[in-house]
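# Coordinate analysis (summary)
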Amino acid sequence: MTANGWFQISFFLLVIFLLAKPLGVFMARVFGREKTFLDPIVRPVERVVYRLVGVDEKHEMRWTEYATAMLLFSSVSMVLLYLIERTQKWLPFNPQKFGNVEPGLAFGTAASFTTNTNWQAYSGESTMSYLTQMAGLAYHNFVSAAVGIVLAIVVIRGIARKETDKLGNFWVDATRCLLWVLLPICLVGSLALVSQGVVQNLKAYTTAELIEPQTVQVTGADGNTTTQKVTQQVIAQGPVASQEAIKEFGTNGGGFFAANSAHPFENPTPLANFFEMVLIFAIPSGLTYTLGRMTGSRRHGWAVWAAMAFLFLAGVTTAYWAEARGNPLLVGADQQASTAQSGGNMEGKEVRFGIANSALFATITTDASCGAINGQHDSFTPLGGMVPLINIMLGEVVFGGVGAGLYGIIVFVILAVFIAGLMVGRTPEYLGKKIESYDVKMAMLAILILTLTILCFSAVAIVKPFGASSISNPGPHGLSQVLYAYVSSTGNNGSAFGGLSVNTMWYNTSTAAAQLLGRFFMIIPVLAIAGSLAKKKTVPESAGTFPVTGGLFAGLLVSTILIVGALTFFPALSLGPILEHLLMNAGKAF
């Protein structure tokens with residue numbers, strides 16, 4: 001670890017802190033129907049949209065109606081993406097003449113992008129046409145992010161409002177999210193990325209002649225190995241910058257290229273790398289201030305932000321230490337940081353980013369439900385690779401995905417104040433609302449859906465040949481590969497540990513099922529909580545009210561998150577990365 005590395009990590013967190021208030025205020029104004037500087041441009045477009053689709057912007061919905069609209073919208077969007085994939089061979093903007101995507105992969109990809117997971121069991125540059133990338137995948141990057149954000153806003157409204165069953169209008173909230181928040185910032189972000197060298201065009205791939213031809217060994221379908229001389233390289237390109245901006249800002253993560261944000265056409269410079277990391281955390285951080293502003297308790301919003309920041313620093317410190325420490329089995333290799341090298345474990349990492357930015361990116365992308373990667377998590381040390389795994393297991397509430405992080409941490413807030421109420425022997429309260437059995441049951445249902453989906457699918461994949469046959473490494477590392485696949489899918493993260501062959505019927509269908517369960521079966525209990533809170537009366541604070549605005553609350557919230565995660569997943573972690581770390585120190589690698 002170096003002073004420069006710590007400076008970059010600290011500077012990143014400072015920038016996120018400084019962005020929280022202005023972005024949080026802006027979102028509060030947008031969803032509170034207050035005037036913003038974009039109104040003269042965007043408001044006329046909004047009115048036209050409502051006329052075209054027949055939406056009454058003054059109509060407000062109950063939580064059940066809101067959930068129904070969200071589910072119908074997501075279902076239709078998923079079907080449309082599936083159809084685009086299955087017919088891309090006959091559609092325009094396909095200069096490489098890619099064929100139709102096979103049914104299992106098309107279904108898995110449609111489920112993945114609809115749920116904001118963006119799990120990819122394919123190489124984008126060799127599978128998807130430009131039309132599929134733009135009208136299919138990038139479209140879902142916008143709308144799935146919008147769904148997550150507006151659901152967080154509904155939860156905030158449920159906390160802020162009293163004695164009502166009205167929580168807003170899904171169509172209005174989603175439209176305003178797209179027109180005011182996502183599209184303008186992504187337009188500017190795309191241009192910023194283009195300035196750094198991210199490509200943006202509709203050209204066919206370029207074939208370049210190699211200056212030095214290469215000799216490679218190729219294994220055919222019959223198992224025989226032949227020697228071939230390679231004299232050309234195909235350079236993939238396309239409309240990358242426009243998809244890259246929303247990929248990060250909407251915490252989507254699906255890469256235009258298989259190498260994702262390690263590819264020089266997606267992430268060419270250290271400045272582009274920093275900008276992309278900031279985009280990932282910008283909305284999740286800002287929503288904590290939106291929570292405080294819309295509920296009238298800014299100190300509560302900052303307390304939630306502080307709890308998230310503490311967990312983020314704990315994770316990035318562990319990952320940075322583990323990767324900078326290097327691999328003790330590489331005897332004789334120079335793993336010390338110097339002016340000539342980053343030192344530590346550089347396997348699977350880009351030299352232009354080094355140890356600090358690789359560990360930071362891995363922590364950020366799994367704290368949020370993003371899934372973009374600039375290094376291979378499979379190549380991290382056991383403890384370094386465990387950090388991304390734990391981040392998702394905790395529910396990705398450490399800032400989290402756009403909207404999903406906030407409504408996820410509200411679930412833990414309810415559990416925290418419930419525990420506090422038990423300790424003092426009175427009915428728990430949260431910002432003047434009494435937390436009753438129904439609210440706690442819905443919170444626990446959301447958590448149990450997440451954990452049961454992960455553990456059940458992982459158990460089946462480990463013991464059955466159709467799952468175990470895809471594992472590339474034996475022992476605890478193989479368990480980590482499978483566990484990460486279902487943790488990432490259920491948590492709607494989308495990043496892959498690597499080393500696991502997932503383009504099979506079992507993994508395409510099971511990960512798609514995990515993604516749908518992790519997204520929609522968690523959303524419904526959360527919306528039920530919002531509806532329940534909105535109907536309650538506000539009770540005045542008393543001497544026995546547990547404050548949710550200070551360090552004591554932030555500490556209890558952090559403890560609740562860690563205890564729930566530890567009790568649920570520690571056995572699996574013990575058999576995976578923890579055991580691999582102990583064996584590595586004993587001289588055995590996998």
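Going by the structure above, here's the rest.
Please read these numbers as outputs of a predicted model, since none were measured by experiment.

Each helix and strand in the protein was counted, giving 18 helices and four strands. A compact globule built from 590 residues should have a C-alpha radius of gyration of about 25 Å, and the protein, at 24 Å, falls within 12% of that. Structurally, the protein occupies a C-alpha span of about 80 × 60 × 50 Å along its principal axes. A total of 590 residues make up the protein; the buried ones form 56% of that total.

By the element assignment, T251 lies in the loop between α8 (241–249) and α9 (270–295). Of note is the side chain of T251, whose polar atom sits 3.1 Å from the backbone nitrogen of V402. With residues up to four places along the chain from it excluded, the contact list for T251 reads N116, I246, I280, P284, A368, S369, C370, G400, G401 and V402.

Another point: the packing of aromatic side chains. Two descriptors summarise a pair of aromatic rings, namely the distance from one centre to the other and the angle between the planes of the rings. For the structure on display, the rule yields 29 aromatic pairs. Relative to W305, the ring of F17 has its centre 5.3 Å away and its plane inclined at 65°; by these criteria the two rings are edge-to-face. Of this pair, F17 sits in helix α1 (residues 3–31) while W305 is found in helix α10 (residues 298–325), placing the two residues 288 residues apart along the sequence. Ring pairing ties together the aromatic residues F7, F11, F12, F17, F274, F281, Y289, W302, W305, F312 and F399, which thus form one cluster. The ring centre of W180 lies 4.1 Å from the NZ or CZ of R176, which sits over that ring. One residue, K349, lies across the ring of F380, its end atom 4.2 Å from the ring centre.

To continue, consider the pattern of salt bridges. Under the counting rule described, the total for this entry stands at 16 salt bridges. Among the ionic pairs, E34 bridges to R29, the shortest N-O distance being 3.3 Å. Between E350 and R352 there is a salt bridge whose closest N-O contact spans 2.3 Å. The exposure class assigned to E350 is partly exposed, which follows from its relative accessible area of 26%. In the salt-bridge network here, residues are joined through shared partners; they are R33, R43, E46, E57 and R176.

The residue S470 is located in the loop between α15 (465–468) and α16 (475–490) in this model. Judged by its relative accessible area of 5%, S470 falls in the buried class. Contact partners of S470, with chain neighbours within four places excluded, come to G499, L500, S501, T504 and Y507.

Let's shift gears to the packing of helix α12 (residues 382–393) against helix α18 (residues 551–585). The interhelical angle for the contact between α12 and α18, taken along N-to-C directions, is 165°, at an axis separation of 9 Å. Relative to α18, the element α12 is oriented roughly antiparallel. The interaxial crossing formed by α12 with α18 has right-handed handedness. Counting all contacts with α12, which are made through P382, L383, M386, L389, I390 and M393, the residues of α18 involved are F569, L573, P577, I578, E580, H581 and M584.

With that out of the way, let us pick up helix α17 (residues 505–535). Relative to the 45 Å expected for 31 residues at 1.5 Å per residue, α17 spans 45 Å between its end C-alpha atoms, a close match to the ideal helical length. Burial runs high along α17: 23 of the 31 residues are buried.

Moving on to the environment of L575. The topology assignment puts L575 in helix α18. Using a relative accessible area of 54% as the deciding quantity, one classes L575 as exposed. Sequence separation of L575 and S489 is 86 residues, and the distance between their C-alpha atoms is 20 Å.

So, about helix α7 (residues 170–196). With 27 residues, α7 should cover 39 Å at 1.5 Å per step; its first-to-last C-alpha distance of 37 Å lies within 8% of that length. Its maximal kink placed at L178, α7 deviates by approximately 35°. For α7, the capping residue at the N-terminal end is N169, with a side-chain oxygen 2.9 Å from the backbone nitrogen of W171. Just downstream of α7 lies G197, where phi reads positive at about 115°.

With that settled, the discussion passes to the environment of T2. As for its position among the elements, T2 is in the segment before α1. A residue is classified by how much of its surface remains accessible, and T2, at 30% relative accessible area, is partly exposed. Along the sequence, T2 and A337 sit 335 residues apart, while their C-alpha atoms lie 7.6 Å from each other. Leaving out residues up to four positions away in the same chain, T2 has contacts with Y320 and A337.

Let us now look at the packing of α8 against α9. Running from N to C, α8 and α9 point in directions that differ by 45°, and their axes come no closer than 7 Å. As the angle between them shows, α8 and α9 are arranged oblique. Across from E244, A245, E248 and F249 in α8, the residues of α9 making contact are E276, L279, I280, A282 and I283. Grouping the constituent residues of the contact of α8 with α9 by class yields six nonpolar, no polar and three charged.

Further remarks concern the nonpolar core. Membership of the largest hydrophobic core comes to 129 residues, with the highest contact counts inside it found for L182, I283 and F312. Residues in contact with I283, not counting those within four places in the same chain, are L23, M27, I149, V181, L182, F249 and V402. With 24 residues, the next largest nonpolar core counts V101, A106, A111 and F457 among its residues.

Conventions used here
Residues numbered from 1 in each chain as written. Predicted model: local features only at pLDDT ≥ 70, side-chain atom pairs only at ≥ 80, totals over all residues. Heavy atoms only, no water. Helix = DSSP H or I, 4+ residues; strand = E, 2+ residues; numbered from the N terminus. Rg over C-alpha atoms; globule rule 2.2 N^0.38 Å. Buried < 20%, exposed > 50% of the residue type's maximum accessible area, 1.4 Å probe, protein only. Polar contact = N/O pair within 3.5 Å; in protein donor to acceptor, adjacent residues only side chain to side chain. Contact = heavy atoms within 4.5 Å. Phe/Tyr/Trp six-rings, centres within 6.5 Å; stacked < 30°, edge-to-face > 60°. Lys NZ or Arg CZ within 6 Å of the ring centre and 35° of its normal. Salt bridge = Lys/Arg side-chain N within 4 Å of Asp/Glu carboxyl O. Axes fitted to C-alpha atoms, helices over the stretch in contact; angles between N-to-C directions. Parallel < 35°, antiparallel > 145°, perpendicular 65-115°, else oblique. Left-handed = near helix turned anticlockwise from the far one by under 90°. Expected span 1.5 Å × (residues − 1). Bend = angle between axes of the 7 residues up to and from the residue. Nonpolar A, V, L, I, M, F, W, Y, C, P; charged D, E, K, R; others polar. Core = buried A, V, L, I, M, F, W, Y, C linked by side-chain atoms within 4.5 Å.

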